[in-house]
Amino acid sequence: MTEKKRSLAVTVLAVGLLPLLAACGGEGADAAGSASGARSGATAGDGTDASSGSGSGELAVPAGADQETKQRYLVENAVAACMKKQGFTYTPYVLDESESSKALDGRDYELAGQYRQKYGFGLYAGAVYPDDPQAPNSAAEEKKLANPNSAYRATLTPAQESAYFKALGQPGALAPGDTTPPKETGCTKEANTAVYGPEKSAAELTKEQNAKDEENTRAGQRLNGDPELVGLAQAYASCLTGEGLRPETTQPTGIVDTVKFGLSARLPADGTAALAADRLKSLFAEEVDAAMKDLKCGKKFRAAYFPKLKANPHSEGQG
């Protein structure tokens, strides 16, 4: 895990979780557990699976896990050990990329075909298959991804819950316009320091962030300027047009998402659960059809693109 990702995780916590922390209530209010999700880029509903220990028991690091994944598991285990010393039970909790997430972007053509044939892009699937834990945003998936510490917190008195969060550690609020990550505290800080090392200064983080942003830009330029990818992207776009779909971009770093994003922009503002059954059925059928056409049209492009994306990591247009 880079220092950039660590700092971003804390910033996400500060901005997104403070209302939950203040309420001391719903799912996802544990700072460390949520940080694991933020570090991995995984949130409920985007094709993730939850791995959790039992009580204060340790999580087993998956065999063959990369360094970043190992660190996420080690942080959670360290938080659990620290909380136990403070007299609290904390269940280590990590959100992992699931098969649905891996299938969605089309890197594995056969797997993507199976997934899209049933779930499309995952936009309406949760409403169509509410009892299917593999359907993105379904009630069953939300239950599967539920924070395992919520039930324990519910047994605490208000005073005990306050002490629990103090021991766990909470980031402070960001002032308007302030992008400096808040300082970590409590067991969250102890665990992150043990795994990632001491926090770096704001100046060091800014310097590293700028360097990474510059490299990300250069990677995007290399991909978008690659003659093979440019030619395949044009053919991909022509195929989509022939299928009645309108690609918003033909850039290699964006075309893999163009159909999905186009459909996403048309999602009901008040969500999919309130849709009438016949309307939901029609929109879902349209989504599945578009997802399969997109997969077919982009087969040659994806086969060439993803290996080059791996060699030139870029934060946009990855699925």
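Predicted model only: the values in this text are computed from it and were never measured.

1. So, unusual backbone geometry
Glycine aside, residues mostly have negative phi angles, and peptide bonds mostly take the trans form. Its identity as a non-glycine residue notwithstanding, Asn137 has a phi of 70°, on the positive side. Relative to the helices and strands, Asn137 is located in the loop between helix 6 (125-128) and helix 7 (139-144).

2. Focus: the packing of helix 5 (residues 109-119) against helix 14 (residues 277-297)
Interaxial distance between helix 5 and helix 14 falls to 8 Å at its minimum, and their mutual angle equals 165°. If you check the angle between helix 5 and helix 14, you find them roughly antiparallel. Considering how the two elements wind past one another, helix 5 and helix 14 form a crossing that is left-handed. Note on element contacts: helix 14 touches helix 5 through Phe284, Glu287, Val288, Ala291, Met292, Asp294, Leu295 and Lys296, opposite Tyr109, Ala112, Gly113, Arg116, Gln117, Lys118 and Tyr119. By residue class, the composition of the contact of helix 5 with helix 14 is 8 nonpolar, 2 polar and 5 charged.

3. Topic: the packing of helix 9 (residues 158-168) against helix 10 (residues 186-196)
Relative placement of two packed helices is described by the angle separating their axes and the distance separating the axes. Running from amino to carboxyl end, helix 9 crosses helix 10 at an angle of 25°, the nearest separation of the two axes being 3 Å. The angle between helix 9 and helix 10 falls in the class roughly parallel. The residues of helix 10 that touch helix 9, namely those facing Lys166, Ala167 and Leu168, are Gly186, Cys187 and Thr188. Looking at the contact of helix 9 with helix 10, its residues break down into 3 nonpolar, 2 polar and 1 charged.

4. Some details on the packing of aromatic side chains
Geometry of an aromatic ring pair is reported as the spacing of the ring centres plus the angle between the planes. Within this structure, the stated rule accounts for 9 aromatic pairs. Centroid distance Tyr129 to Phe284: 5.9 Å. Interplanar angle 85°. Geometry classified as edge-to-face. Taken together, the residues Tyr129 in the loop between helix 6 and helix 7 and Phe284 in helix 14 connect sequence positions 155 residues apart. Residue Tyr129 is classed as partly exposed on the basis of its relative accessible area of 27%. When the centroid spacing of 5.1 Å and the interplanar angle of 15° are considered together, the rings of Phe301 and Tyr305 count as stacked. Residue Phe301 and its partner Tyr305 are located together in helix 15 (residues 299-311), separated by 4 residues, close to a single helical turn. It is Lys118 that lies over the ring of Tyr129; its NZ or CZ is 5.4 Å from the centre.

Conventions used here
- Residues numbered from 1 in each chain as written.
- Predicted model: local features only at pLDDT ≥ 70, side-chain atom pairs only at ≥ 80, totals over all residues.
- Heavy atoms only, no water.
- Helix = DSSP H or I, 4+ residues; strand = E, 2+ residues; numbered from the N terminus.
- Axes fitted to C-alpha atoms, helices over the stretch in contact; angles between N-to-C directions.
- Parallel < 35°, antiparallel > 145°, perpendicular 65-115°, else oblique.
- Left-handed = near helix turned anticlockwise from the far one by under 90°.
- Contact = heavy atoms within 4.5 Å.
- Nonpolar A, V, L, I, M, F, W, Y, C, P; charged D, E, K, R; others polar.
- Phe/Tyr/Trp six-rings, centres within 6.5 Å; stacked < 30°, edge-to-face > 60°.
- Buried < 20%, exposed > 50% of the residue type's maximum accessible area, 1.4 Å probe, protein only.
- Lys NZ or Arg CZ within 6 Å of the ring centre and 35° of its normal.

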